[in-house]
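Architecture at a glance
Letter by letter, the chains look like this.
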Amino acid sequence: MRRIPRSRLFLFLAAVVLTVTIYTFIRQQFVTVEGEDELAVVEELYMLIGEQSVYDLDSKELIEGALRGMASAIKDPYSSYYSKEEAKVQRASLAGEKVGIGIEISETNGKFIIVSPVKSSPAEKAGIRPYDELIQINDERLDGKTIGEVIQLMQGKKGEEVSLVLYRPSLERHIKVVVERAEMANETIESKIITVEDVPIGYITISLFAENTLEQWLKAVAQFNDQNVQALIVDVRDNPGGYLHSVGGIVSTIGEANQVYAYMQSGDGYLEPLKTAKFEEIEGFRKAIRKLPLVVLQNEGSASASEVLTAAIQSWGAGTIVGTTSFGKGTVQETWDLTNGGSVKLSTNKWLTPKETWIHERGVQPDVEADQHPLYTIEFVPIRGSFEAGDFSEEIAYAQKVLHGFGFPIVRQDGYFDETTKKAVIAFREKYDIHEGEVLDELFFEKMQEQVVLYKNKEENDLQLQMGVSYIMHKLGH
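Okay, so let's go over this structure.

**Description of the pattern of salt bridges**
- Taken as a whole and judged by the stated rule, the model has 16 salt bridges.
- We note a salt bridge from Arg 129 to Glu 300, for which the minimum N-O separation is 3.0 Å. Note that Arg 129 is positioned in the loop between α6 (122–125) and β5 (133–137) and Glu 300 in the loop between β15 (294–298) and α11 (305–316), a separation of 171 residues in sequence.
- Using a relative accessible area of 12% as the deciding quantity, one classes Arg 129 as buried.
- For Glu 300, a relative accessible area of 24% translates into the label partly exposed.

Shown next, in the form of structure tokens:
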């Protein structure tokens, strides 16, 4: 076996520490009663592997393993080590443009959990949902993978397809989806006017808190000011979070100047208040916006920075949160570059609401509970084959759920093709002018999925949005 030079030990120790300060701190923490430096065991093991192991490993592999081991020992799904290649991918995730499928994932006890698909991303359009567990990417199982390796497997060229196997807890089964990678410009703000009974309501969707989100927000609210909107709806459903300074800028336009919107709590319990800033260019609109009825829409996919926003608005009494309980991510991460070209992301603080509440793994409770229509949350399943009365399959169960969502009288949703399913299939085919028949075939599934997409694109079918609008109209006395 090729021996590892002793001189490489110094490179190893340099790669392990983040900075001189952190290195000194670590050494101080690991001095035993006998005065022996516990970090010496790292060097001891390194030497033993190099001299005695039957396996031919070079120093780089050992260093990578040690770094990953230290990060995983924290047992925090949001703390990760990234190799040089993985770090490049991670830095690009919040850049101006990127190619991918648009999901935020975390690692929990060796499982890779979807925090949220980015709004309007290929992942969302494919039906990927929060809390889905990622099992396989293309032909590669994820057992034993690092989160950085998983992110790398997600990457590819625009237009290429990636096959994912997911475990969906709500269904207690695995599903397979095929997603086409796309170039996604980080246009994280979409805005428009919704007019209800001649009342103009400003509607802003925030899909992610990226570098340019505040700039886009300021542009949108300035336009709303010019158009004399009478209320505001902010939609952060399925927003996985992003930069804290980005959400800090946005809450600064909603709250009063120098108002606490969150607290950072260090490991030793020290609380640092985060306060709103002053934006001269929209100071007039800030005063106006505080007089407007404000509704924020959230769901189980609203996480991290999204929860900072909703918790601040709720704590201040500046608006009403409508929807379902949010994801529940109450930690803040910082990233350091390492001397080997990689990086490490560590949870350095808890964040608490202005009322000093930690929402981790509990989420932000809505003020007004509003469940979404089942067709908005039903999984997208590409289906092939043909099924008739008497058959039993998962594909039939999927069709039954969709048909029930459309209001067809369905008795069973367990996958057994009974007589009521047969009647619903015939009625659906007649309604959408599919050639005569009473079977579930590819033409039927194609038309059914087309109708699901059309249904979800109509605002009047979005029950959470409609609840928000109704609440605003009530506040305005309509």
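After presenting the structure, the write-up continues.
**Remarks on helix α14 (residues 419–431)**
- The end-to-end C-alpha distance of α14, which contains 13 residues, comes to 18 Å, matching closely the 18 Å that a straight helix rising 1.5 Å per residue would cover.
- Taken residue by residue, α14 has Thr 421, Lys 422, Ala 424, Val 425, Phe 428 and Arg 429 as its buried positions. In an axial view of α14, the angular spread of the buried residues amounts to 165°, which keeps them on one side of the axis. Away from its buried face by more than 90 degrees, α14 exposes Lys 423, Glu 430 and Lys 431.
- Looking at the packing, one finds that the buried side of α14 touches α13 (394–405) and α15 (442–456).
- Looking at the residues trailing α14, positive phi occurs at Asp 433, about 55°.

**Section: the packing of aromatic side chains**
- Under the definition given, this model contains 8 aromatic pairs.
- Aromatic side chains Phe 444 and Phe 445 sit 5.9 Å apart centroid to centroid with 85° between the ring planes, which places their arrangement in the edge-to-face category. The residues Phe 444 and Phe 445 share a single accessibility class, namely buried.
- Chaining the aromatic ring pairs together yields one cluster made of Phe 387, Phe 408, Phe 428, Tyr 432, Phe 444 and Phe 445.
- Here Lys 329 stacks its cationic end above the ring of Tyr 78, 4.6 Å away from the centre of that ring.
- When the ring centre of Trp 358 is taken as origin, the NZ or CZ atom of Lys 350, which lies over that ring, is 4.2 Å away.

**Some words on the pairing of β5**
- In terms of burial, β5 is largely enclosed, as 5 of its 5 residues are buried.
- With 2 bridges joining them, β5 and strand β6 (residues 140–141) adopt antiparallel strand pairing. Paired with Ile 137 across the strands is Glu 140, a residue of β6.
- A loop of 2 residues connects β5 with β6, the two strands running antiparallel in sequence, and Asn 138 in this loop sits at a positive phi of about 55°.

**Examining the sheet that holds strand β11 (residues 199–206)**
- Pairing is mixed across the open sheet formed by 6 strands, whose spatial order is β10-β11-β12-β15-β16-β19. Either end of the sheet is taken by a strand with one partner, and the two such strands are β10 (189–196) and β19 (368–369).
- The pairing of strand β16 (residues 320–323) with β19 spans 2 bridges and is parallel. Counted as the bridge partner of Gly 323 is Glu 369 from β19.
- Where α11 meets the sheet, it contacts β12 (231–235), β15 and β16, and its direction lies at approximately 145° from that of β15.

Rules of the game
- Residues numbered from 1 in each chain as written.
- Predicted model: local features only at pLDDT ≥ 70, side-chain atom pairs only at ≥ 80, totals over all residues.
- Heavy atoms only, no water.
- Salt bridge = Lys/Arg side-chain N within 4 Å of Asp/Glu carboxyl O.
- Helix = DSSP H or I, 4+ residues; strand = E, 2+ residues; numbered from the N terminus.
- Buried < 20%, exposed > 50% of the residue type's maximum accessible area, 1.4 Å probe, protein only.
- Expected span 1.5 Å × (residues − 1).
- Arc of directions from axis to C-beta.
- Contact = heavy atoms within 4.5 Å.
- Phe/Tyr/Trp six-rings, centres within 6.5 Å; stacked < 30°, edge-to-face > 60°.
- Lys NZ or Arg CZ within 6 Å of the ring centre and 35° of its normal.
- Pairing = 2+ DSSP bridges.
- Axes fitted to C-alpha atoms, helices over the stretch in contact; angles between N-to-C directions.

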